[in-house]
Amino acid sequence: MQTHVLLLDKIMNYIVKRKGKQMRPMFVFLSAGACGTIGEATFRGASLIELLHTATLVHDDVVDDANYRRGFFSVNALWKNKIAVLVGDFLLSRGLILSIENNDMELLGIVTKSVKEMSEGELLQFEKARQLDITEAVYLDIIRQKTASLIASCCAVGASSAGASKDQVNLMRTFGELVGMAFQIKDDLFDYGEDEIGKPLGIDIKEKKMTLPLIHALSKSPWLERRKIIGLIKNESSKPKKVKEVIAYVKASGGLEYATQSMNQFREKATAILRQLPDSVYKTSLEQLVKFTIDRKN
């Protein structure tokens with residue numbers, strides 16, 4: 001990550017020191033071990049994933065005008081948007097160069113496809129946020145592209161780097177997608193929880209993001225009540241009291257139970273795929289990592 005630019009080195013140092021749980025590289029290594037042998041290509045694949053993921057986070061913070069990331073100041077908060085956008089571009093290109101220099105074309109193909117899907121998912125969410133008319137099917141489409149596609153590519157990259165067959169790579173991609181769906185629904189549930197640490201309560205409502213608990217609650221409501229809640233989100237989501245009102249409405253309408261049930265269905269499908277793999281410490285660890293994505297507190 002070292003360069004000849006002092007400012008860039010300073011920012012890279014800041015990013016590296018404040019890295020998160022690094023769950024995505026874990027999925028790469030464990031998928032590789034479960035499907036074959038971990039090799040140099042696996043390390044490069046995990047690095048590629050982490051570089052591109054970090055690039056998207058830096059850009060996301062600019063898009064969302066966010067001043068914090070994982071409890072620390074975001075890059076754009078400390079060095080302004082222009083620099084943050086360029087740093088994201090640098091991370092993106094660094095990942096591409098790593099793959100090209102080592103001729104990891106298959107890995108690069110898997111990951112760049114997911115970056116394309118993530119961008120499309122974000123833009124689809126922006127488009128729908130304006131109208132607030134999102135259905136459950138569209139919501140699932142958004143999270144499949146926005147979140148699940150990257151975890152799917154982690155598992156596919158891991159399997160591919162270990163020399164797995166095309167069928168096995170596709171199987172691991174499906175497994176990762178299912179885990180990613182469960183992971184995002186869990187994230188959406190934090191918006192309504194009292195014990196969350198990862199993000200402020202009601203932030204999705206404040207940002208007019210339609211998530212599964214809210215979509216389900218609205219779908220079960222009479223027209224007049226639905227219109228009232230949509231009006232609150234559209235016009236008064238900056239008021240904490242009104243956000244609390246929406247949270248209480250979703251809880252009373254069974255939105256949380258429905259989303260939890262949906263999350264567990266994705267988890268069960270993912271676990272069923274794991275059962276097809278031969279027993280190993282890697283398979284056991286993948287099972288535990290799936291459990292962690294559901295049981296995590298932040």
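Refer to the preceding data block for the structure.
Residues numbered from 1 in each chain as written. Predicted model: local features only at pLDDT ≥ 70, side-chain atom pairs only at ≥ 80, totals over all residues. Heavy atoms only, no water.

Colleague: Tell me about the overall build of the chain, and please be specific about residues and values.
Modeller: The helix and strand tally for the chain stands at 13 helices and two strands. In terms of C-alpha radius of gyration, the chain reaches 20 Å, essentially the compact-globule figure of 19 Å for 298 residues. Overall size of the chain, expressed as C-alpha extent along the three principal axes, is 60 × 50 × 30 Å. The buried share among the 298 residues of the chain stands at 49%. For the chain, contacts bridging at least 24 residues in sequence account for 73% of all contacts bridging at least 6. Total accessible area on the chain is roughly 14900 Å²; 55% of this is exposed by carbon and sulfur atoms. Looking at the chain, you have 42 positive and 36 negative side-chain charges, and the mean spots of the two groups are 4 Å apart. (Helix = DSSP H or I, 4+ residues; strand = E, 2+ residues; numbered from the N terminus. Rg over C-alpha atoms; globule rule 2.2 N^0.38 Å. Buried < 20%, exposed > 50% of the residue type's maximum accessible area, 1.4 Å probe, protein only. Contact = heavy atoms within 4.5 Å. Areas by Shrake-Rupley, 256 points an atom, 1.4 Å probe, with all protein chains shown as cover. Lys, Arg positive; Asp, Glu negative; His and termini not counted. Charge placed at Lys NZ, Arg CZ, Asp CG, Glu CD.)

Colleague: Let's hear about the pattern of salt bridges: which residues, and what values?
Modeller: Enumeration over the complete set of coordinates arrives at eight salt bridges. Note that Asp-104 is salt-bridged to Arg-44, the shortest N-O span being 2.6 Å. Taken together, the positions of Asp-104 in the loop between helix 4 (75-101) and helix 5 (105-131) and Arg-44 in helix 3 (residues 40-63) put the pair 60 residues apart, joining distant regions of the chain. What makes Asp-104 buried here is its relative accessible area of 9%. We note a salt bridge from Glu-177 to Arg-144, for which the minimum N-O separation is 3.4 Å. Of this pair, Glu-177 sits in helix 7 (residues 166-190) while Arg-144 sits in helix 6 (residues 136-161), and the two are 33 residues apart along the sequence. Assessed through its relative accessible area of 28%, Glu-177 is described here as partly exposed. Taken together, the salt bridges that share partners define one network made up of Asp-141, Arg-144 and Glu-177. (Salt bridge = Lys/Arg side-chain N within 4 Å of Asp/Glu carboxyl O.)

Colleague: I'd love a proper account of the nonpolar core, names of residues and values included.
Modeller: One finds Phe-27, Phe-175, Ile-185 and Leu-214 to be the most contacted residues of the largest nonpolar core, which totals 71 residues. For this core, the element with the most residues is helix 6, which contributes 12 residues. Once you skip the residues sitting within four places of it in the chain, Phe-175 turns out to touch Phe-27, Cys-155, Ala-270, Ile-273, Leu-274, Leu-286 and Val-290. In this structure, Tyr-14, Val-58, Val-75 and Leu-91 belong to the second largest nonpolar core, which totals 15 residues. (Core = buried A, V, L, I, M, F, W, Y, C linked by side-chain atoms within 4.5 Å.)

Colleague: Any details on the state of the cysteines? Residues and values, ideally.
Modeller: With the rule as written, the count across this model stands at zero disulfides. The thiol of Cys-35 is unpaired, and the distance to the nearest cysteine sulfur, on Cys-155, comes to 8.8 Å. The thiol sulfur of Cys-154 is not disulfide-bonded, and the nearest other cysteine sulfur, from Cys-155, lies at 6.2 Å. What makes Cys-154 buried here is its relative accessible area of 0%. (Disulfide = S-S within 2.5 Å.)

Colleague: Explain helix 11 (residues 240-252) residue by residue, including any values.
Modeller: The terminal C-alpha atoms of helix 11, which comprises 13 residues, lie 18 Å apart, in line with the 18 Å expected from a rise of 1.5 Å per residue. Restricting attention to buried positions, one finds in helix 11 the residues Val-243, Val-246, Ile-247, Tyr-249 and Val-250. One side of helix 11 holds all its buried residues, which, seen down the axis, span an arc of 160°. Pointing more than 90 degrees away from the buried face of helix 11 are the exposed residues Lys-241, Lys-244 and Ala-252. The positive-phi residue at the C-terminal boundary of helix 11 is Gly-254, with phi of around 80°. (Expected span 1.5 Å × (residues − 1). Arc of directions from axis to C-beta.)

Colleague: Can you lay out unusual backbone geometry for me, pointing to particular residues and giving the numbers?
Modeller: Positioned with a positive phi, Lys-80 is a non-glycine residue whose angle comes to about 75°. Within the secondary structure, Lys-80 is located in helix 4. Non-glycine residue Asn-103 carries a positive phi angle of around 60°. Tracing the sequence through the fold places Asn-103 in the loop between helix 4 and helix 5.

Colleague: Break down the packing of helix 4 against helix 5 for me, with residues and values.
Modeller: Angle between the axes and distance between the axes: these two values describe a pair of packed helices. Contact pair helix 4 / helix 5: the axes reach a minimum separation of 8 Å and the direction vectors enclose 155°. By the angle between their axes, helix 4 is roughly antiparallel relative to helix 5. Viewed along their axes, helix 4 and helix 5 form a crossing whose handedness is left-handed. Contacts from Leu-96, Ser-99 and Ile-100 in helix 4 reach Met-105, Leu-108 and Thr-112 in helix 5. Along the lines of polarity and charge, the residues of the contact of helix 4 with helix 5 split into four nonpolar, two polar and no charged. (Axes fitted to C-alpha atoms, helices over the stretch in contact; angles between N-to-C directions. Parallel < 35°, antiparallel > 145°, perpendicular 65-115°, else oblique. Left-handed = near helix turned anticlockwise from the far one by under 90°. Nonpolar A, V, L, I, M, F, W, Y, C, P; charged D, E, K, R; others polar.)

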